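One letter stands for each residue in the lines below.
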Amino acid sequence: MYMKTLAFILFIFFNSFVLADSLKSAIESEIRSDKNISRDIHRNPYETLTFFGIRPDMKVIELSPGGGWYTEILASYLKEEGELIAAHFDPSMGDFAKRVRGNFEKKLASSSVYDRVKLVSLNTQYSEAESVDAVVTFRNLHNWIGPNWNFIITSAHKSLKKGGVLGVVEHRAKQGTSLENMKKTGYVTEEYAIESIEKLGFKLVAKSEINSNPKDTKDHPKGVWTLPPVMRLKELDQDKYLQIGESDRFTFLFKKI
């Protein structure tokens, strides 16, 4: 009995070590640009993906990957055993969507690391029903407030296996912030995020302060885009905003029920 218990403990320890080493290797991958790596201190990719429970053998959807900051890591991490589906803008939705989607497609064509990444549009079905282990999204909820919200969250729910997880990182608004100001500033309240996601078939199972920033006062002239990396005011009060760093963010883990 003792030997069986010891063997089990060693098995768990070894597998945890392998998973951690694999994720660190993905984060340290040479395909990542120096510019993106410089944001690790604010975005905490190792801690965030570990909190979400992402393993290298999972099938994962990344919603609204933007320029592909997290895609660089996930594509490398999931390349051998898993699968990554990137749900990006539909290029027919206007010039901005076409430009951002086009830049993302160029990224996917730039390295063999992305060969197995499947690209779909955010306004379509993401995968076969109940075929995905996890869905993740980073700093996107504010863009979906309105008619797109239900479609995106419901489509994610349909794609997930029962018990699958939805990992969310978002700019955190002060409690009581109006819906109008959430759209305007890019900051979303915890209450709105939880209620609006849970009503579509999810249950909040964990919170983390991994991506919190108490320096962020959330009262900036151009909303969250006043802060790095966007710095919409450019040189105006630049040192002040660089000292604050990136936004204060909540990190939530939901489970499909």
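Look up a bit, the structure's there.
Small disclaimer: the values here were computed from a predicted structure and weren't measured.

Chemist: Help me understand the packing of helix α4 (residues 45-52) against helix α5 (residues 69-78), please; the structure alone is not making it clear to me.
Modeler: Angle between the axes and distance between the axes are the two parameters that describe a pair of packed helices. The geometry of α4 relative to α5 is characterised by a closest axis approach of 12 Å and an angle of 65° between their N-to-C directions. Like other packed secondary-structure pairs, α4 and α5 cross with a definite hand, here right-handed. Across from P45, T48 and L49 in α4, the residues of α5 making contact are W69, Y70, I73 and L74. Partitioning the contact of α4 with α5 into residue classes produces six nonpolar, one polar and no charged.

Chemist: Explanation requested: helix α6 (residues 95-108) in the structure shown.
Modeler: The α-helix advances 3.6 residues per turn, and as a result positions three or four apart in sequence lie on the same side. Between its first and last C-alpha atoms α6 spans 20 Å; for 14 residues at 1.5 Å apiece the expected length is 20 Å, and the two agree. Listed as buried for α6 are A97, V100, R101, F104, K107 and L108. Down the axis of α6, the smallest arc covering the buried residues is 110°, so these residues share one side. Turned more than 90 degrees away from the buried face of α6 sit D95, K98 and K106, all of them exposed.

Chemist: How should I be thinking about the nonpolar core in this particular structure?
Modeler: Inside soluble globular proteins, nonpolar side chains tend to come together where they are buried. Residues L63 and F254 are the most contacted members of the largest nonpolar core, which totals 30 residues. Per element, the largest residue contribution to this core is four residues, and it comes from helix α8 (residues 147-159). The residues touching L63, leaving out its near neighbours within four places in the chain, are A87, L122, Y126, V135, V136, T137, N140, W144, I152 and A156. Of all hydrophobic cores here, the second largest spans 28 residues; its members include W69, A86, F138 and V165.

Chemist: Quick question: what am I supposed to make of the pattern of salt bridges here?
Modeler: Between side chains of opposite charge, pairing is possible as soon as their charged atoms come close. Applying the stated criterion across every chain, the model contains 16 salt bridges. Residues E72 and R32 are paired through a salt bridge, measuring 3.8 Å at the closest nitrogen-oxygen approach. Taken together, the residues E72 in helix α5 and R32 in the loop between α1 (2-27) and α2 (34-37) connect sequence positions 40 residues apart. Overall, the relative accessible area of 2% leaves E72 in the buried class. Residue classification places R32 among the buried positions, given a relative accessible area of 4%. Here E130 ties to K256 by a salt bridge, and the two come within 4.0 Å at their closest N and O atoms. Of this pair, E130 sits in the loop between β3 (118-121) and β4 (132-138) while K256 sits in strand β7 (residues 249-256), and the two are 126 residues apart along the sequence. With a relative accessible area of 52%, E130 lands in the exposed category.

Chemist: Quick question: what am I supposed to make of unusual backbone geometry here?
Modeler: Negative phi values dominate among residues other than glycine, just as trans dominates among peptide bonds. A cis amide bond, omega 5°, links P228 with the succeeding residue P229. Tracing the sequence through the fold places P229 in the loop between β6 (202-208) and α11 (238-244). The phi dihedral of N44 falls on the positive side, at around 50°, and the residue is not glycine. Here N44 is to be found in the loop between α3 (40-43) and α4. Of note, M231 is a non-glycine position whose phi angle comes to about 55°, a positive value.

Chemist: I'm lost on the sheet that holds strand β1 (residues 59-63) in this one. Help?
Modeler: Backbone hydrogen bonds are what pair the strands of a sheet, in a parallel or an antiparallel way. Read from one edge to the other, the open sheet built from seven strands follows the order β3-β2-β1-β4-β5-β7-β6, with strand pairing classed as mixed. Among the strands making up the open sheet, the edge pair consists of β3 and β6. When the angles between neighbouring strand axes are averaged without regard to direction, this sheet yields 20°. Two elements, strand β2 (residues 83-88) and β3, share four bridges in a ladder whose sense is parallel. Residue A87 lies in a different strand from β3, and its bridge partner there is V120. In this fold helix α10 (residues 190-198) packs onto β5 (160-171), β6 and β7, with an angle of close to 15° to the strand it touches most, β7.

Chemist: I would appreciate a short explanation of the environment of E246 in the present structure.
Modeler: Examined against the element boundaries, E246 turns out to sit in the loop between α11 and β7. The class of E246 is buried, set by a relative accessible area of 2%. Residues E246 and D40 lie 206 residues apart in sequence; the distance between their C-alpha atoms is 11 Å. If near-sequence neighbours (up to four positions away) are discounted, E246 is found in contact with R39, H42, R43, N213, L227, P228 and P229.

Conventions adopted
Residues numbered from 1 in each chain as written. Predicted model: local features only at pLDDT ≥ 70, side-chain atom pairs only at ≥ 80, totals over all residues. Heavy atoms only, no water. Axes fitted to C-alpha atoms, helices over the stretch in contact; angles between N-to-C directions. Helix = DSSP H or I, 4+ residues; strand = E, 2+ residues; numbered from the N terminus. Left-handed = near helix turned anticlockwise from the far one by under 90°. Contact = heavy atoms within 4.5 Å. Nonpolar A, V, L, I, M, F, W, Y, C, P; charged D, E, K, R; others polar. Expected span 1.5 Å × (residues − 1). Buried < 20%, exposed > 50% of the residue type's maximum accessible area, 1.4 Å probe, protein only. Arc of directions from axis to C-beta. Core = buried A, V, L, I, M, F, W, Y, C linked by side-chain atoms within 4.5 Å. Salt bridge = Lys/Arg side-chain N within 4 Å of Asp/Glu carboxyl O. Pairing = 2+ DSSP bridges.

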